[in-house]
Amino acid sequence: MKIKNYELKGIVDTLFSMSNRTNDIKLRWELSKLSKPYVEMNTLLQQEINKIVAEEGETDEKGNKTLKTDNAHYQELMNCEVEIETALYLSFLAHFNPTMYELIALEKVIAGD
């Protein structure tokens with residue numbers, strides 16, 4: 001399935017949030033394995049964002065580099081799509097009692113049962 005880069009962080013954050021709600025180590029392990037491709041892709045994305053910040057960012061009064069979100073290279077990167085083959089099944093996610101907001105965040109990666 002294709003996912004826009006700007007959607008990755010929300011997906012990863014949601015998966016981490018859901019995994020923290022269970023004490024069942026087997027369920028958490030299964031979710032971790034299914035989450036791995038999303039986490040890895042999000043890590044690569046963050047590395048690319050850091051490169052853009054380093055090369056094109058502006059230094060603020062504290063000496064930190066920042067990047068405006070309207071930066072053309074940043075916008076282009078965030079609008080790119082990545083292909084991830086791992087789908088999450090609703091029957092499996094139900095074990096974590098996801099909220100409506102979590103289901104919305106995961107909508108693109110949920111496969112039917």
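What comes next concerns the included structure. (Residues numbered from 1 in each chain as written. Predicted model: local features only at pLDDT ≥ 70, side-chain atom pairs only at ≥ 80, totals over all residues. Heavy atoms only, no water.)

It is at 9 Å that the axes of helix H1 (residues 5-19) and helix H2 (residues 25-56) come closest, and there the two elements cross at 150 degrees. As summarised for this structure, H1 and H2 are arranged roughly antiparallel, according to the angle between their axes. Note on packing geometry: the crossing formed by H1 with H2 is left-handed. Contacts between H1 and H2 pair Asn5, Leu8, Lys9, Ile11, Val12, Leu15, Phe16, Met18 and Ser19 from the former with Arg28, Leu31, Ser35, Tyr38, Val39, Met41, Asn42 and Leu45 from the latter. Broken down by class, the residue content of the contact of H1 with H2 amounts to 11 nonpolar, four polar and two charged. (Axes fitted to C-alpha atoms, helices over the stretch in contact; angles between N-to-C directions. Helix = DSSP H or I, 4+ residues; strand = E, 2+ residues; numbered from the N terminus. Parallel < 35°, antiparallel > 145°, perpendicular 65-115°, else oblique. Left-handed = near helix turned anticlockwise from the far one by under 90°. Contact = heavy atoms within 4.5 Å. Nonpolar A, V, L, I, M, F, W, Y, C, P; charged D, E, K, R; others polar.)

It is worth spelling out the packing of H2 against helix H3 (residues 72-79) at this point. Interaxial distance between H2 and H3 falls to 10 Å at its minimum, and their mutual angle equals 170 degrees. It follows from the interaxial angle that H2 and H3 lie roughly antiparallel. Residues Leu45, Glu48, Ile49, Ile52 and Glu56 of H2 form the contact with H3, whose own contacting residues are His73, Tyr74, Leu77 and Met78. Considering only residue class, the contact of H2 with H3 consists of six nonpolar, one polar and two charged.

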